Amino acid sequence: THFGFETIAEALKEQKVGAVFSSVASSYDTMNDLMSLGIHRLWKDYFVRNLNPGSNPLTSPSTTVQGWNILDIAGGTGDIAFRMLDHASTINNDAHTRVTVADINPDMLAEGRKRALETPYARSPRLSFVEANAEHLTNIPGNSIDLYTVAFGIRNFTNKDAALREAFRVLKPGGVFACLEFSKVNNSLFDAVYKRWSFGAIPLIGQLVAGDRDSYQYLVESIERFPSQTEFRDMIKDAGFLVPGRGWEDLTGGIAAIHKGVKP
Ligand code: SAM
């Protein structure tokens, strides 16, 4: 049946994405640094600084619960979560903001848990890791999250619209959806250089450093297939969000972009 084909195709895609991330989990940081020449760290720093976790309440403040309740989806290695907690503590003097890192891949979560041991949050109730599929966040109640973040994750999701609808459901009214993702370079000369780099060098670096050309080839192709800034902004709107301004901010000429939506 049509339904049967669809589920098989989706299951295969999910399996493929799973294999890619299991295979890159341990060499993940080195590869990111090589692939982006270290720039992914600056993008992540900016993303977190710009969201300013633990500052004024995003949603109507509760009288009993302080700090922000953040859900970092596809957050496997904890990169965004640790930055969020550091920012809330050191910049906003807030010891209550907490982050749940959700990821579909147990190997990425294991890597994140391991890294957490080197942070002050390892045994803190402010940080937790859960295995979950962004498209069905069954264990996360509706209207419970202040800030939903997804960094370099959504382009791997089988059904991005379903994930956006789930983001909308779990956020409180006034809550913010924020996505950091590879996007479309907006200068044709720069784009030509960038394409040479990504299609030429990245699979080769993958082969040499991680012994895994195919996973890195997949990553490059998934970036190419991901919607443009305006298309993605429209998908966010279609899920019910209000988008501030034009809806996104380009980083490094559009190699990456930050998209935001607010749940009315
Ligand atoms: N956010 C981290 C960062 O910026 O370094 C990790 C990004 S990594 C490129 C993409 C992550 O998306 C992987 O950990 C993968 O397991 C996760 N992922 C892929 N599909 C997912 C899904 N449907 N639900 C939740 N996580 C998913």
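Quick look at the structure, then.

Rules used throughout
- The numbers attached to residues start from 1 for each chain and follow its sequence in the written order.
- Reporting of local features is limited, given that this is a predicted model, to residues whose pLDDT is at least 70; pairs of side-chain atoms are given and counted only at 80 or more, and all residues count toward the totals for whole chains, interfaces and linings.
- Heavy atoms from the whole structure form the basis of all side-chain values; hydrogens and water molecules are not counted.
- The salt bridge definition used is simple: a Lys or Arg side-chain nitrogen within 4 Å of an Asp or Glu carboxyl oxygen.
- Counting from the N terminus, the helices are the DSSP runs of H or I reaching at least four residues and the strands are the DSSP runs of E reaching at least two.
- Partly exposed residues are those whose accessible area sits between 20% and 50% of the maximum for their type, while under 20% is buried and over 50% is exposed, using a 1.4 Å probe and protein chains only.
- Each polar contact in these results corresponds to two N or O atoms within 3.5 Å; when the atoms are within protein, one needs to be able to donate a hydrogen and the other to accept it, and residues that are neighboring in sequence are counted only if both atoms are side-chain atoms.
- Residue contacts are counted whenever heavy atoms from the two residues lie within 4.5 Å of one another.
- When DSSP finds two or more bridges between a pair of strands, those strands are recorded as paired.
- What counts as an axis is a line fitted to C-alpha atoms, over the stretch in contact for a helix, and the angles between N-to-C directions run from 0 to 180 degrees.

## Brief notes about the pattern of salt bridges
If the charged atoms of two oppositely charged side chains come close together, the side chains can form a pair.
Then step 1. All told, the structure shown has 13 salt bridges when counted by the stated rule.
Then step 2. Close ionic contact of Arg83 with Asp79 constitutes a salt bridge, the shortest N to O distance being 4.0 Å. Residue Arg83 and its partner Asp79 are both found in helix α4 (residues 79-90); the two are separated by 4 residues, about one turn of the helix.
Then step 3. For Arg83, a relative accessible area of 19% gives the class buried.
Then step 4. A relative accessible area of 14% means that Asp79 is categorised as buried.
Then step 5. Between Glu181 and Arg155 there is a salt bridge, with the nearest N and O atoms lying 2.7 Å from each other. Linking Glu181 in strand β5 (residues 171-182) with Arg155 in the loop between β4 (145-151) and α6 (160-170), this pair joins segments that are 26 residues apart in sequence. There is no split in this pair, since Glu181 and Arg155 are both buried.

## Here we look at the side chain of Asp146
Then step 1. Secondary-structure assignment places Asp146 in strand β4.
Then step 2. Residue classification places Asp146 among the buried positions, given a relative accessible area of 4%.
Then step 3. Within the structure, the side chain of Asp146 is placed 2.5 Å from the side chain of Thr59, a separation counted as a polar contact.
Then step 4. Within the structure, Asp146 has its side chain in polar contact with the side chain of Lys172 (distance 3.2 Å).
Then step 5. Once residues within four sequence positions are removed from consideration, Asp146 is found in contact with Leu58, Thr59, Gly67, Trp68, Asn69, Leu171, Lys172, Gly175 and Val176.

## Examining the sheet that holds strand β6 (residues 248-251)
Sheet strands pair by backbone hydrogen bonding; their relative direction is either parallel or antiparallel.
Then step 1. Strand order in the open sheet formed by 7 strands is β3-β2-β1-β4-β5-β7-β6, and the pairing between neighbours is mixed. Each edge of the open sheet is held by one strand with a lone partner, namely β3 (127-131) and β6. The mean inter-strand angle of the sheet, taken between neighbouring strand axes irrespective of direction, is 15 degrees.
Then step 2. Here 5 bridges tie strand β1 (residues 69-73) to strand β2 (residues 98-103), and the two strands are oriented parallel to one another. Across the sheet, the residue bridging to Asp72 is Val101, located in β2.

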